Amino acid sequence: MALHSSSDQYGTVAVTIHWLTAVLILIALLTGFRAAAAEEAATKAALLRVHLPAAALVLVLTVVRVVWWLGIDNKPEPIDGAPRLQQWIARAVHLMFYVVVFGMITSGIGMMLASGAAPAIFSDEVTALPEFWHYRPRIPHGFGARLLVLLLIVHVAAALYHHLRGDRVFGRVWFPRGSQP
């Protein structure tokens, strides 16, 4: 598989970034929702010890992806035969992913700075954590998490729709079997 994308296939770099980011976003969402629901400070801190690095890696990969698309690689053409409205929706959903991810990172950093929770989270003995909902960045962070879940559902549903239609959508964003020219 080529490092760069072709007109109908994402390259190795884009595919790797896509799937690593997807896994890390799922980890960040799951640990974030579980931490928000956790009663005990030690449990919340343990979840946040996974959540924060996962979110930081999502930020790094998203910046790398933006740089990759803007300066190094070209995206493949839209799926053959896809109506213009579907192409527009696909672009809008992908753009919203970037906006929401950057918003989530910004509000998460804001929450850590406003609450001063980072030292307590990474302490050997966590006795207490601040009540995060008392800090303003918590509002966009919680809203963004729910919006991100909605975007993921739309994204996966669209991928499944195209897969069932035989549009080879998974083949475009997966590592091909065997060697290709």
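Placed above this text is the structure.
Below or above, wherever it landed, is the structure these notes cover. (Residues numbered from 1 in each chain as written. Predicted model: local features only at pLDDT ≥ 70, side-chain atom pairs only at ≥ 80, totals over all residues. Heavy atoms only, no water.)

Regarding the overall build of the chain
Line of reasoning, step 1. Within the chain, the regular secondary structure consists of 6 helices and 0 strands.
Line of reasoning, step 2. Dimensions of the chain, computed from C-alpha atoms along their principal axes, come out at roughly 55 × 30 × 30 Å.
Line of reasoning, step 3. Excluding contacts between residues fewer than 6 apart, the proportion of contacts in the chain whose partners are at least 24 apart in sequence is 73%.
Line of reasoning, step 4. For the chain, the exposed surface amounts to about 11,200 Å²; the carbon and sulfur share of it is 68%. (Helix = DSSP H or I, 4+ residues; strand = E, 2+ residues; numbered from the N terminus. Contact = heavy atoms within 4.5 Å. Areas by Shrake-Rupley, 256 points an atom, 1.4 Å probe, with all protein chains shown as cover.)

Looking at the packing of helix H3 (residues 84-115) against helix H5 (residues 138-164)
Line of reasoning, step 1. Remark: H3 packs on H5, axes separated minimally by 9 Å, with the N-to-C direction vectors making an angle of 150 degrees. Here H3 is positioned roughly antiparallel relative to H5, judged by the angle of their axes. Handedness of the H3/H5 crossing: left-handed.
Line of reasoning, step 2. Of the residues assigned to the contact of H3 with H5, the class counts are 15 nonpolar, 8 polar and 1 charged. (Axes fitted to C-alpha atoms, helices over the stretch in contact; angles between N-to-C directions. Parallel < 35°, antiparallel > 145°, perpendicular 65-115°, else oblique. Left-handed = near helix turned anticlockwise from the far one by under 90°. Nonpolar A, V, L, I, M, F, W, Y, C, P; charged D, E, K, R; others polar.)

Some words on a nonpolar patch on the surface
Line of reasoning, step 1. A cluster of nonpolar side chains, contributed by Val63, Val67, Ile72 and Phe102, occupies part of the molecular surface with about 310 Å² of accessible area.
Line of reasoning, step 2. It is helix H2 (residues 41-72) that provides the largest number of residues to the nonpolar patch, a total of 3 residues.
Line of reasoning, step 3. By the element assignment, Val63 lies in helix H2.
Line of reasoning, step 4. The partly exposed category is assigned to Val63, whose relative accessible area is 37%. (Patch = residues over 30% accessible without salt bridge, like charges linked within 9 Å, V, L, I, M, F, W, Y side chains within 5 Å. Salt bridge = Lys/Arg side-chain N within 4 Å of Asp/Glu carboxyl O. Buried < 20%, exposed > 50% of the residue type's maximum accessible area, 1.4 Å probe, protein only.)

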